[in-house]
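A structural walkthrough
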Amino acid sequence: MSVKPTQPGGVLAALSRLRDMHTVAFVGAFIMLAACQSKNASDVLDPAGGSIVAEANSAGASAVPRAQTLGKGETKVSMLLPLSATGSAGAKGRSMFDAAKLAMADLGNDLITLSIEDTHGDSETAKDLAVKAMASGANVVIGPTELDAAKRLSAISGPTRPPVLVLADNFAGAPGVYAMALNEADSAAAGAAAIAQKGKRKFVLFVARGPVAGAIEKRVANGLSITGASIALTLRFDPSNEAEKAAADMAATVGAPEGIVIATGDASPLPLLRALKARGYSADQMAIIGTARWLDQPVVDPLYQGAYVAGLDKNETGPIADRFKAAYGYAADVNAAYAYDSVALATGIANALGPKGFSRQVIENRNGFRGSTGVFRFRADGAGERSMSLYRIQKGVEKKIANAVTGY
């Protein structure tokens with residue numbers, strides 16, 4: 001394959017065309033199409049060529065990987081993961097580590113130098129490592145996964161600060177500090193907008209009390225406004241002990257809502273669903289809209305049945321998931337996909353524009369990127385926006401009923 005760097009305008013135009021392409025489903029192919037000029041598209045559409053899986057598998061995946069450097073490219077990328085953390089944080093870090101190795105083998109080995117550091121799952125360590133990476137000349141930082149550390153990075157300013165692709169859950173973003181993971185606000189907004197497009201106009205929003213409640217309300221309101229719908233009432237509450245009161249307050253305040261949006265963060269929505277059903281509001285009677293956080297746990301309880309959820313399309317991750325399992329012997333989760341996409345995005349920009357290509361103009365282009373997690377883009381405030389599918393929970397599983405629901 002003949003590869004030639006493009007000018008900034010060229011890569012943005014190429015990224016615009018990517019939005020209409022459906023021939024492959026993983027990020028490397030699409031980003032590399034933006035970064036390459038090839039006479040034969042198939043040269044780029046299958047970067048693995050059947051050999052990368054064997055290469056990754058031969059290396060194996062250690063139970064607790066060590067900090068290390070991969071690749072030999074001119075562009076310096078620092079990745080911060082909780083490699084040695086215990087519990088779910090450690091498992092998340094290790095799956096992201098394996099996904100990063102796969103992305104490097106597929107795309108990045110000759111284009112970037114990826115330095116992976118262990119945060120140990122500690123926010124203070126993660127923040128210090130990020131600051132160190134910025135000071136040592138990293139062109140882009142991937143991570144951390146620790147939310148507190150990501151929030152603290154938002155306060156760091158300076159004209160030479162490299163962009164940060166944050167891997168923490170529920171991070172809202174900040175200028176130059178971008179949220180890679182789908183957050184609850186976008187999922188709630190996309191689900192509400194999809195139901196509003198069916199003619200529903202009056203919505204109630206239940207949102208867990210906390211620092212992101214305002215952002216969720218704003219995103220849902222914006223998503224509904226595009227269709228002419230609106231939030232009639234927002235109720236902020238503690239899902240663990242205020243579900244009954246919140247349901248009673250809604251029943252006393254709003255007559256006949258057409259849609260109920262429920263965003264409870266890490267807490268279970270079941271107490272609220274139970275309280276609503278006792279007052280005649282259930283998913284078999286009206287539109288109940290949850291968020292992608294619901295799908296992190298089993299949805300077999302009868303109270304979930306019939307509810308709508310906007311989330312990432314699992315078909316997008318298929319090619320990566322299959323190759324990941326073949327390489328490492330266990331299934332890739334969405335965190336692995338976020339890590340793969342982050343490394344592949346860095347690789348694509350490096351290939352197109354070199355180490356100096358990591359500008360806000362490139363990263364925040366409105367046409368976005370297509371990855372193993374679907375189409376995504378970044379706003380100027382650092383928030384990530386993603387195209388999602390609309391699901392309806394039926395018989396304990398989510399069933400896709402619509403493609404390409406946007407949270408934009």
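Going by the structure above, here's the rest.
Residues numbered from 1 in each chain as written. Predicted model: local features only at pLDDT ≥ 70, side-chain atom pairs only at ≥ 80, totals over all residues. Heavy atoms only, no water.

Let us now look at the nonpolar core. Ranked by internal contacts, the top residues of the largest apolar core, which has 69 residues, are Met79, Leu114, Ile116, Val343 and Phe378. No other element matches helix α13 (residues 334-353), which puts 10 residues into this core. In this view, Val343 contacts Met79, Ala100, Ala103, Met104, Ile112, Leu114 and Ile142; residues no more than four positions away in its chain are not counted. If you look at the next biggest cluster of nonpolar residues, it comprises 28 residues, including Ala246, Ile262, Met286 and Tyr304. (Core = buried A, V, L, I, M, F, W, Y, C linked by side-chain atoms within 4.5 Å. Buried < 20%, exposed > 50% of the residue type's maximum accessible area, 1.4 Å probe, protein only. Helix = DSSP H or I, 4+ residues; strand = E, 2+ residues; numbered from the N terminus. Contact = heavy atoms within 4.5 Å.)

In this fold, Gly290 is placed in the loop between β10 (287-289) and β11 (308-311). Relative accessible area serves as the criterion here: at 0%, Gly290 is assigned to the buried category. Along the backbone, Gly290 and Tyr308 are 18 residues apart, and their C-alpha atoms lie at a distance of 6.1 Å. Beyond its immediate sequence surroundings of up to four residues, Gly290 is in contact with Ile262, Tyr308 and Val309.

On to the packing of helix α10 (residues 243-253) against helix α11 (residues 270-278), then. Where α10 meets α11, the closest approach of the two axes is 8 Å, and the angle between their N-to-C directions is 40 degrees. The angle between α10 and α11 falls in the class oblique. For the crossing formed where α10 meets α11, the hand is right-handed. Along its contact with α10, which presents Ala243, Glu244, Ala247 and Met250, the element α11 presents Pro271, Leu272, Ala275 and Leu276. Along the lines of polarity and charge, the residues of the contact of α10 with α11 split into seven nonpolar, no polar and one charged. (Axes fitted to C-alpha atoms, helices over the stretch in contact; angles between N-to-C directions. Parallel < 35°, antiparallel > 145°, perpendicular 65-115°, else oblique. Left-handed = near helix turned anticlockwise from the far one by under 90°. Nonpolar A, V, L, I, M, F, W, Y, C, P; charged D, E, K, R; others polar.)

With that settled, consider helix α9 (residues 213-225). The terminal C-alpha atoms of α9, which comprises 13 residues, lie 18 Å apart, in line with the 18 Å expected from a rise of 1.5 Å per residue. Those residues of α9 that fall on the buried side of the exposure criterion are Ala213, Ile216, Arg219, Val220, Gly223 and Leu224. All buried residues of α9 fall inside an arc of 130 degrees around its axis, so they share one side. Looking at the packing, one finds that the buried side of α9 touches α8 (184-196), β7 (202-208), β8 (230-237) and β9 (259-263). (Expected span 1.5 Å × (residues − 1). Arc of directions from axis to C-beta.)

As a further point, take the sheet that holds strand β1 (residues 68-70). Taken together, the six strands give an open sheet; going across it, the order is β1-β3-β2-β4-β5-β6, and neighbouring strands pair in mixed fashion. Looking at the sheet topology across the chains shown, the edges are occupied by β1 and β6 (177-179). Along the sheet, successive strands turn relative to each other by an average axial angle of 20 degrees, direction set aside. Running over the sheet, helix α5 (residues 87-108) touches β1, β2 (75-81) and β3 (112-118) and is turned about 170 degrees from β3. Contacts from helix α6 (residues 123-135) reach β2, β3, β4 (140-142) and β5 (164-166), with the element oriented near 175 degrees to β2. (Pairing = 2+ DSSP bridges.)

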